[in-house]
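One letter stands for each residue in the lines below.
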Amino acid sequence: MSQFLQQIVNGLSLGSIYALIALGYTMVYGIIRLINFAHGDIYMVGAFVGYFAFRAGLPLPLVFFLAMAVPALFGLTIEFFAYRPLRKRNAPRIAALITAIGMSLFLENLGILIFSPDPRPFPRVFTNEPIYFAGGVTISIPQILTLAFTSVLMISLTLFIRFTRTGKAMRAVSQDAEAAQLMGVNIDRIISVTFVIGSALAGAAGVMVGILIPRIEPLMGIMPGLKAFVAAVIGGIGVIPGAMLGGMLMGMAETLVTAFISSTWRDAIAFGLLIVILLIKPSGIFGSSSRTKV
Amino acid sequence: MLTVENLHVYYGAIHAIQGISFSVRQGEIVTLIGANGAGKSTILKTISGLLQPREGKILLEGEEISTLAPHQIVARGISQVPEGRRVFPELSVLENLELGAYQRKGKEHLKELEWVFELFPRLEERKNQPAGTLSGGEQQMLAIGRGLMAKPRLLLLDEPSMGLAPLLVKEIFAIIQEINAAGTTILLVEQNAHMALSIAQTGYVLETGEIVLSGSAAELVRNEEVRKAYLGL
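Quick look at the structure, then. Each chain carries its own residue numbering, running from 1 in the direction its sequence is written. Here every chain gets a letter starting at A, and every ligand a number starting at 1, in the order they are written. Given that the model is predicted, a residue must reach a pLDDT of at least 70 before its local features are reported, and side-chain atom pairs must reach 80 or more before they are shown or counted; all residues, however, enter totals for whole chains, interfaces and linings. Values reported for side chains reflect all heavy atoms of the structure, with hydrogen atoms and water molecules removed beforehand.

## So, the overall build of chain A
Where we set the bar: Note on conventions: DSSP H or I runs of at least 4 residues are helices, E runs of at least 2 residues are strands, and numbering of each starts at the N terminus. With the radius of gyration taken over C-alpha atoms, the globule rule is written as 2.2 Å times the number of residues to the power 0.38. Buried residues are those whose accessible area, probed at 1.4 Å on protein chains only, stays under 20% of the maximum for their type, while exposed residues exceed 50% and partly exposed ones sit between those limits. The criterion used for residue contact is that any of the two residues' heavy atoms lie within 4.5 Å. Note on areas: these come from Shrake-Rupley sampling with a 1.4 Å probe, and a residue is covered only by the protein chains present in the view. For this count, His and the chain ends are skipped, Lys and Arg are scored as positive, and Asp and Glu as negative. Note that the charge is assigned to NZ on lysines, CZ on arginines, CG on aspartates and CD on glutamates.
Within chain A, the secondary structure is distributed over eleven helices and four strands. Radius of gyration (C-alpha) of chain A: 19 Å, near the 19 Å computed for a compact globule of 294 residues. Along the first, second and third principal axes, the C-alpha set of chain A runs to 60 × 45 × 35 Å. The burial tally for chain A puts 53% of its 294 residues in the buried class. Of the contacts formed within chain A by residues at least 6 apart in sequence, a portion of 77% connects residues at least 24 apart. Entry remark: accessible area of chain A is about 12,900 Å², with carbon and sulfur atoms responsible for 71%. The averaged location of the 11 negative side-chain charges in chain A is 9 Å from the averaged location of its 20 positive side-chain charges.

## Re the packing of aromatic side chains
To keep things clear, this is the line we draw: Only centres within 6.5 Å qualify two rings of Phe, Tyr or Trp (six-membered ring in Trp) as a pair; their planes then separate them into stacked at under 30 degrees, edge-to-face at over 60, and tilted for everything else. Distance and angle both matter: a charge sits over a ring if NZ of Lys or CZ of Arg is within 6 Å of the ring centre and within 35 degrees of the ring normal.
For the structure shown, the criterion picks out 13 aromatic pairs over all chains. Seen in terms of ring centroids, phenylalanine 37 of chain A and phenylalanine 229 of chain A are 5.6 Å apart; in terms of plane orientation they differ by 70°. Their pairing is edge-to-face. With a gap of 192 residues between them, phenylalanine 37 of chain A in the loop between helix H1 (2-32) and helix H2 (39-55) and phenylalanine 229 of chain A in helix H9 (residues 222-235) connect regions that are remote in the sequence. A relative accessible area of 19% places phenylalanine 229 of chain A in the buried class. Taking the centre distance of 5.6 Å and the plane angle of 35° together, the rings of phenylalanine 52 of chain A and phenylalanine 115 of chain A count as tilted. Of this pair, phenylalanine 52 of chain A sits in helix H2 while phenylalanine 115 of chain A sits in helix H4 (residues 93-115), placing them 63 residues apart in sequence. Each member of the aromatic cluster is reached from another via a ring pair, and the members are Phe48, Tyr51, Phe52, Phe54, Phe115 and Phe122 of chain A. Geometry around phenylalanine 163 of chain A places arginine 162 of chain A over its ring, the cationic atom sitting 5.6 Å from the centre. Looking at arginine 165 of chain A, its charged tip hangs above the ring of tyrosine 102 of chain B, at a distance of 4.1 Å from the centre.

## With respect to helix H6 (residues 136-148) of chain B
Rules: What a helix is expected to span follows from its residue count: subtract one and scale by 1.5 Å.
Taking 1.5 Å of rise per residue, the 13 residues of H6 of chain B would be expected to cover 18 Å, and the 19 Å separating its terminal C-alpha atoms lies within 8% of that figure. The buried count for H6 of chain B comes to twelve of 13 residues, which makes it a mostly enclosed element.

## Digging into the side chain of glutamine 139 of chain B
Residues and elements named next belong to chain B. We count it as follows: Definition of a polar contact: a pair of N or O atoms within 3.5 Å, with one able to donate and the other able to accept a hydrogen when the atoms are protein atoms, and with sequence-neighbouring residues admitted only if both atoms are side-chain atoms.
You can see glutamine 139 is positioned in helix H6. The exposure class of glutamine 139 is buried, given its relative accessible area of 16%. Side-chain polar atoms of glutamine 139 contact the backbone oxygen of alanine 131, separated by 3.4 Å. Not counting chain neighbours up to four residues away, the residues in contact with glutamine 139 comprise Arg85, Val87, Ala131, Gly132 and Leu134.

## With respect to the sheet that holds strand E4 (residues 55-60) of chain B
Residue and element names in this part refer to chain B. Applied cut-off: Pairing between two strands requires that DSSP report at least two bridges joining them.
Strand order in the open sheet made by the four strands is E2-E1-E4-E5, with antiparallel pairing throughout. Unpaired on one side and paired on the other, strand E2 (14-24) and strand E5 (63-64) mark the two borders of the sheet. Bridging between strand E1 (residues 2-11) and E4 involves five bridges; their strand directions are antiparallel. Residue pairing for E4: threonine 3 is matched across the bridge by leucine 59.

## What to know about the interface of chain A and chain B
Let me state the cut-off plainly: Summed over both partners, the accessible surface that disappears when two parts come together, traced with a 1.4 Å probe, is what is meant by buried area. Salt bridge criterion: a side-chain nitrogen from Lys or Arg within 4 Å of a carboxyl oxygen from Asp or Glu. By the convention adopted, Pro, Cys, Tyr, Trp, Phe, Met, Ile, Leu, Val and Ala count as nonpolar, Lys, Arg, Asp and Glu as charged, and the other residues, Gly among them, as polar.
Opposite the 20 residues of chain A that make contact, chain B presents 20 residues. Buried surface at the junction of chain A and chain B, summed over both partners, amounts to about 2,100 Å²; 56% is from carbon and sulfur atoms. If you sort the residues of chain A by the area they bury against chain B, Gln175, Leu182 and Met183 of chain A come out on top, with a joint share of 34%. Linking chain A with chain B are six salt bridges. Between glutamate 178 of chain A and arginine 86 of chain B there is a salt bridge; the shortest N-O distance is 3.2 Å. Here chain A is connected to chain B by nine residue pairs in polar contact (both at pLDDT 80 or more). Sorting elements by how many residues they give to the side of chain A that touches chain B places helix H6 (residues 165-175) of chain A first, with six residues. In terms of residue class, the side of chain A that touches chain B is made up of eight nonpolar, four polar and eight charged.

## Observations regarding the packing of H6 of chain A against helix H8 (residues 187-212) of chain A
All names here are of chain A. Put simply, the rule is: Every axis in this analysis is a line fitted to C-alpha atoms, fitted for helices over the stretch in contact. Angles between the N-to-C directions lie between 0 and 180 degrees. Our angle categories are set so that under 35 degrees counts as roughly parallel, over 145 as roughly antiparallel, 65 to 115 as roughly perpendicular, and the remainder as oblique.
Their axes nearest at 10 Å, the elements H6 and H8 cross at an angle of 105°. Judged by the angle between their axes, H6 and H8 are roughly perpendicular. Listed contacts from H8 to Thr166, Ala169, Met170 and Val173 of H6 are Ile187, Arg189, Ile190, Val193 and Thr194. Class assignment of the residues belonging to the contact of H6 with H8 gives a composition of six nonpolar, two polar and one charged.

## Quick look at the pattern of salt bridges
Residues and elements named next belong to chain B. Counted according to the given criterion, the structure contains 23 salt bridges over all chains. Note that arginine 104 and glutamate 112 form a salt bridge whose closest N and O atoms lie 2.7 Å from each other. Comparing arginine 104 with glutamate 112 shows no difference in burial state: the two are buried. A salt bridge links arginine 122 to glutamate 171, with the shortest nitrogen-to-oxygen separation between them at 3.7 Å.

What follows is the structure in structure tokens.
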């Protein structure tokens, strides 16, 4: 039993990472119907910014700020130079998708060129000394930090989307972009804001992964990016609470399979989960199939 | 107030609007009538900046606006109530109205909100309900109310009668007159020529992307061709 509870704790902290990345996928999809495949690499950028910021001896809040701000700038730039010109020319969606894959390869290879392909140890900022709970369950400081900060980010995001003027405009654009423009919403600005928020969340995930699993490399974004995308689809792509839940489920499934079945089966089962959920509910857990997107 | 000169609009290779000119004077209700596919909605979309004309000019009080983005056109005082209502289904009625006032600062829009609730008391009763759960007539009221929230000088209405019961159409048209009487100029696009000409001062008849007839609404109602083709008389 305590072994099971232990894995739940581990699953939640891994799931937080997936959830944060999944949010960026789902928000961008909700606004412009694009799967931004470069998103996993934005998370890598966050990890590297965190790495250098810690090595420079910056205080923790500043490290997090930079590890969110720099990826946000990357997201903003990529949208502006790669996706926006296509949109202005009414390019078919497949062109944008291929551009996204190209952007992803570009960032990965740029990372290899600048940082070399070798993994490097992330600076050990916190002791990994476990803290004991009742029943022999342990939790480490990096895990507590991850869970706490993820919760703060998710709650802030939810409040932002729900109550601010920009948040309402984002919801309006995702429901009917043309009508939102007729209300005077500057759609380009809303798209930029979406990329900034999504990329900042991925950046935060990147630095937290560096702290949790202290090893980073330029290709580290590929698998988590893919799994977070799957998480977003499981939750219902375009639906924000769906990405949160999907990410948590993904992290949990992966941890439990590794602990109780076999680590070789980890990814197979995680993706099997996707297939099963989509067979039962093709639009994802929170997705509504009835809604037709214009 | 609004002058459209020699407008040409294309959808890909289709020449949807073929050299249209018309004008709307301050304080008027002007209507564009015509059958489905005549290009009425295309004209409104072009005025709102959703489509770019290939040729021609759109002047708002002398200023060329055809190159501006939709949000800049809203900022200049032109709002559109689009065809098919297009309310945001998962947003509440109140949130839909607030989006109508998206560009206004602080609490400026509260006066309009009060007015919209006066025009359409049913919207106030349902203000916390998702807009997608409203009936067709209520959604049309919401769409019009949402258009008013920006406090436009010129309101573009695209087929407000579509899909509504005759009694409801009468009610909506009475409110359009009331909005006009309160000082908003109106450009009304309608298939229901009878209702449109009954409240408008000026009318233009559109056929496959061209204006074939124009004149005062009273003249058009008496015109033999209009009576046959659009009024079924």
